[in-house]
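Understanding the architecture of this molecule
If you want the building blocks of each chain, they are given just below.
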Amino acid sequence: MCGIIGITSTKNVSASILNSLRKLEYRGYDSAGIATLESGIIKEVKCEGRVDALEKNLSKQKIDGNIGIGHVRWATHGVPSTINAHPHSSDKVSVVHNGIIENSTILKKLLIKKGYEFKSQTDTEVIVHLITDYLKKNNLKNSIIKMLNKVHGSFALGIIFQDQPDLIVGARRGSPLAVGYGPNENYLGSDSYALKSMTNKVTYLNDSEFCIVKKDGVEFFDEKGNKVNKKVLELSKNENQYEKGDYKHFMAKEIDEQPITIKNCVNEYINRISNSLNIYNFPWKDKDISSILLIGCGTAYHSCLMAKYWFEQMTTLDVNVDIASEFRYRKNRFKKDCLYIFVSQSGETADTYAALDLCNKNNVKTCSIVNVVESSIARDSKFVLPIHCGPEIGVASTKAFLGQMLVLYILCLKLAYARKDIDKKIFSFKVKSLLELSKNVKKTLLTEDQIQLVCKSFVDAKGSMFLGRGFSYPIALEGALKLKELAYVHAEGYPAGEMKHGPLALIEDGMPVVVLAPRDEYFKKTISNMQEVIARGAKVLLITNKNKDEVVHENIWQSIEVENINDDLLPFLITIPLQKLAYHSALNKGYDIDKPRNLAKSVTVE
Ligand code: M6R
């Protein structure tokens, strides 16, 4: 949510800031802005809407300068508008902010009493006036420390000063922030993706740290102002992973990449020669874990739900699943023998991070499953299992979902075998099936043509339902989420067996309903529930797997058959047509697929 960038250089920085804002746009895209210091004066250009609009404004209203900050916004306080767009400036300082200042109302009242005037509806403006006020009686560093002590909430900040031609302050509490190192210039950015076109050398700020970035050096401090020594990390240079290539949208590319990302992940975790799993340095003994709690948000939560079914089927562990935003405020009983697993693509989701932090403070076992290995969640977990998917840029999570499920499945297999809950024969069979997964995902991608034929019915309908039982239930939730998120149509995921307890009343003539009924142990029950919705007028799109003997087509509107594979792995395959359904429905409506309205990729506010 919101992306920030700062550059101090020997050259004009506007073009590089604009370029980085394009990379950061996935974090927020309702308004954008840039501020530079030109001949000792802070100059701003801002706009409502996308970075394209900002570029147009900049061509009319050129701003130069060797130091500057930029921002893409996902509105929290105040509507998306030019006036609320960042940076926010006084004649002394200019600030970009990602996060929320929770005590902004009180601070605003105090500052208004002191004579400060507020132009916007944002919480960020209090930071501008606080620093301006502290600077009257304090040096720069103490003014920053005082401001940081005064504000509550979560934030990442980038600040430039009217009388400092080569100095950017960065500060973080809760929201991510990185520093990048270039030749005769240095940078501040919300993530390494924004910095990658300029450098592959970065340092991540820890919570409550701040930094002073100059073009020939960077200093880091803790909240009290004591100097902190930090490591410089070298990032991989795989630039083409960040490009769309021949694809129209990142989402389409990311869906099609799944056979490769699955293969890469399988290769990381499976030793094909010994048919064993490569999970090294797992820090706990099997006997020290008797339960598991899986925590995530959105799609990551759905992969947690999926894992519950696998863990319960393969192990004797107690397994529960929680939504991070609920977990963090409940009266939890922290258990020493529980493994707390945090699932997050970005590794920066504020609620998931807060849940992890709470667990760490209660000194329990924490493990994370992430895509971005440099992320805060990865850094602060006691054990990390990466999903090896490569960057996921489309706001809708696709390849990361399959990657999360895959790593959760592998972890489940590891624990089940180590605990002797499954024997060698079953373990080997399941490991071998995993080696077949990528090939089957690839074949299932060919269902695209069939999906294109049905999507019109979904976008034209008042609403739709996605039904599944057992392993297919979390996938039904995920399919409905994807359709809502991208095509902006109401879609509900439901356990097929629950329909008669209320939601059946929603079914009316012609309503499109997706029924997920692979031929697993739940097949017959789901087919009965399917007939119940058909009897009430639903148009059913059945998603099942291929089977020579049994053809199910009675009263069905359309059916799609995925490949055959070990039942445990069918959830991976039945997800693919649902991703394609959401993609083509959004395409049909002409929506912005990689940047759906009101959303952002990295949810760094709670
Ligand atoms: O980065 P995370 O996996 O922690 O993100 C969690 C959710 O915000 C994310 O999965 C969201 O639900 C997706 N946009 C869904 O496609």
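Keep in mind it's a predicted model, so treat the numbers as computed, not measured. (Residues numbered from 1 in each chain as written. Predicted model: local features only at pLDDT ≥ 70, side-chain atom pairs only at ≥ 80, totals over all residues. Heavy atoms only, no water.)

Examining the domain arrangement of the chain
By a widespread convention, an interface's size corresponds to the accessible area lost as its parts come together. Here the chain is described as being made up of domain 1 (3-236), domain 2 (250-435) and domain 3 (446-589). Computed from C-alpha coordinates alone, the two centres of domain 1 and domain 2 are separated by 34 Å. With 10 residues of domain 1 at the interface, the matching set in domain 2 holds six residues. Contact between domain 1 and domain 2 buries roughly 780 Å² in total, counting both sides, with carbon and sulfur atoms accounting for 54%. Applying the counting rule to domain 1 against domain 2 returns zero salt bridges. Applying the counting criterion to the domain 1 and domain 2 interface returns one residue pair in polar contact (both at pLDDT 80 or more). Considering only residue class, the side of domain 1 that touches domain 2 consists of seven nonpolar, two polar and one charged. (Domains from an automatic or database assignment. Contact = heavy atoms within 4.5 Å. Buried area = accessible area lost by both parts, 1.4 Å probe. Salt bridge = Lys/Arg side-chain N within 4 Å of Asp/Glu carboxyl O. Polar contact = N/O pair within 3.5 Å; in protein donor to acceptor, adjacent residues only side chain to side chain. Nonpolar A, V, L, I, M, F, W, Y, C, P; charged D, E, K, R; others polar.)

Structural notes on the site of the ligand
Lining the immediate surroundings of the ligand are 15 residues, of which Ser344, Gln345, Ser346, Thr349 and Glu485 lie closest. Interatomic distance of 3.1 Å between a backbone N/O atom of Val395 and a nitrogen atom of the ligand. Secondary structure elements with two or more residues in the shell around the ligand: helix 9 (298-314) and helix 16 (472-487). Residues belonging to the shell around the ligand are distributed by class as follows: six nonpolar, seven polar and two charged. Both domains that meet at the shell around the ligand, namely domain 2 (250-435) and domain 3 (446-589), each give it at least three residues. (Near = heavy atom within 4 Å. Helix = DSSP H or I, 4+ residues; strand = E, 2+ residues; numbered from the N terminus.)

Considerations on the nonpolar core
Counting 93 residues, the largest nonpolar core has Trp310 and Leu437 as the members making the most contacts within it. A total of 14 residues in this core trace back to one element, the largest contributor, which is helix 13 (residues 399-418). Looking at which domains feed residues into this core, each of domain 2 (250-435) and domain 3 (446-589) supplies at least three. Ignoring anything within four residues of it in the chain, the contact list for Leu437 reads Ile262, Leu406, Ile565, Leu569, Phe572 and Leu573. Core analysis: the next-biggest nonpolar cluster, separate from the first, contains 29 residues, Val128, Val151, Ile212 and Phe221 among them. (Core = buried A, V, L, I, M, F, W, Y, C linked by side-chain atoms within 4.5 Å. Buried < 20%, exposed > 50% of the residue type's maximum accessible area, 1.4 Å probe, protein only.)

Points about the packing of helix 15 (residues 448-460) against helix 18 (residues 570-589)
One can describe the packing of helix 15 onto helix 18 by two numbers: an axis separation of 8 Å at closest approach and a directional angle of 55°. Between helix 15 and helix 18, the interaxial angle falls into the category oblique. By crossing handedness, the relation of helix 15 to helix 18 is classed as right-handed. For the pair helix 15 and helix 18, contact is made by Glu448, Ile451, Gln452, Val454, Cys455, Lys456, Phe458 and Val459 and by Pro577, Lys580, Leu581, His584, Ser585, Asn588 and Lys589, respectively. Looking at the contact of helix 15 with helix 18, its residues break down into seven nonpolar, four polar and four charged. (Axes fitted to C-alpha atoms, helices over the stretch in contact; angles between N-to-C directions. Parallel < 35°, antiparallel > 145°, perpendicular 65-115°, else oblique. Left-handed = near helix turned anticlockwise from the far one by under 90°.)

Side note on the sheet that holds strand 21 (residues 365-370)
One open sheet accounts for five strands, arranged 19-18-20-21-22; its pairing is parallel. The open sheet has two edge strands, strand 19 (318-323) and strand 22 (383-386), and neither has a second partner. In this sheet, neighbouring strand axes are inclined to one another by 20° on average, regardless of whether the strands run parallel or antiparallel. Looking at chain direction, strand 18 (residues 291-296) and strand 20 (residues 338-344) are connected through five bridges and run parallel. Each bridged residue has a counterpart across the sheet, and for Leu294 the counterpart in strand 20 is Ile341. Lying on the sheet, helix 9 is in contact with strand 18, strand 19 and strand 20; it crosses strand 19 at an angle near 170°. Together, strand 18, strand 20 and strand 21 form the strand contacts of helix 11 (residues 350-361), whose direction differs from that of strand 20 by roughly 160°. (Pairing = 2+ DSSP bridges.)

Some thoughts on the side chain of Arg328
Mapped onto the elements of the fold, Arg328 is located in the loop between helix 10 (324-327) and strand 20. At 3.2 Å, the side chain of Arg328 and the side chain of Tyr329 are in polar contact. Excluding residues that lie within four positions of it along the chain, Arg328 makes contacts with Ala350, Asp351, Ala354, Ala355, Leu358 and Glu606.

Overview of unusual backbone geometry
In this model, His86 is joined to Pro87 through a cis peptide bond whose omega is 0°. Structurally, Pro87 is set in the loop between strand 4 (67-73) and strand 5 (88-89). Unlike most non-glycine residues, Ser39 shows phi in positive territory, near 50°. Looking at the element boundaries, Ser39 is found in the loop between strand 2 (31-38) and strand 3 (41-48). Under the relative-accessibility criterion, Ser39 is labelled exposed at 73%. Here the phi dihedral of Ser208 falls at roughly 70°; this positive angle occurs in a residue that is not glycine. The topology assignment puts Ser208 in the loop between strand 11 (201-204) and strand 12 (210-214).

Examining the pattern of salt bridges
Across all of its chains, the model carries 34 salt bridges by this definition. Among the salt bridges present, the one from Glu209 reaches Lys230, with a minimum N-O distance of 2.7 Å. Note that Glu209 is positioned in the loop between strand 11 and strand 12 and Lys230 in the loop between strand 14 (227-228) and strand 15 (233-234), a separation of 21 residues in sequence. Two residues, Glu257 and Lys253, come together in a salt bridge whose shortest N-O distance is 3.1 Å. Assessed through its relative accessible area of 17%, Glu257 is described here as buried. The class for Lys253 is buried, based on a relative accessible area of 10%. Because the salt bridges share partners, they merge into one network encompassing Arg22, Asp52 and Glu55.

Digging into the packing of aromatic side chains
Scanning the model with the defined rule gives 16 aromatic pairs in all. Summarising the aromatic geometry, the rings of Phe210 and Phe221 are spaced 5.0 Å apart at their centres and angled 25° between planes, so their arrangement reads as stacked. Here Phe221 lies in strand 13 (residues 217-221) and Phe210 lies in strand 12, a separation of 11 residues in the sequence. Residue classification places Phe210 among the buried residues on the basis of a relative accessible area of 1%. Over the ring of Trp557 we find Lys539, and its NZ or CZ is 4.5 Å from the ring centre. Across the ring face of Tyr488, the terminal group of Arg597 is positioned such that the distance to the ring centre comes to 4.1 Å. (Phe/Tyr/Trp six-rings, centres within 6.5 Å; stacked < 30°, edge-to-face > 60°. Lys NZ or Arg CZ within 6 Å of the ring centre and 35° of its normal.)

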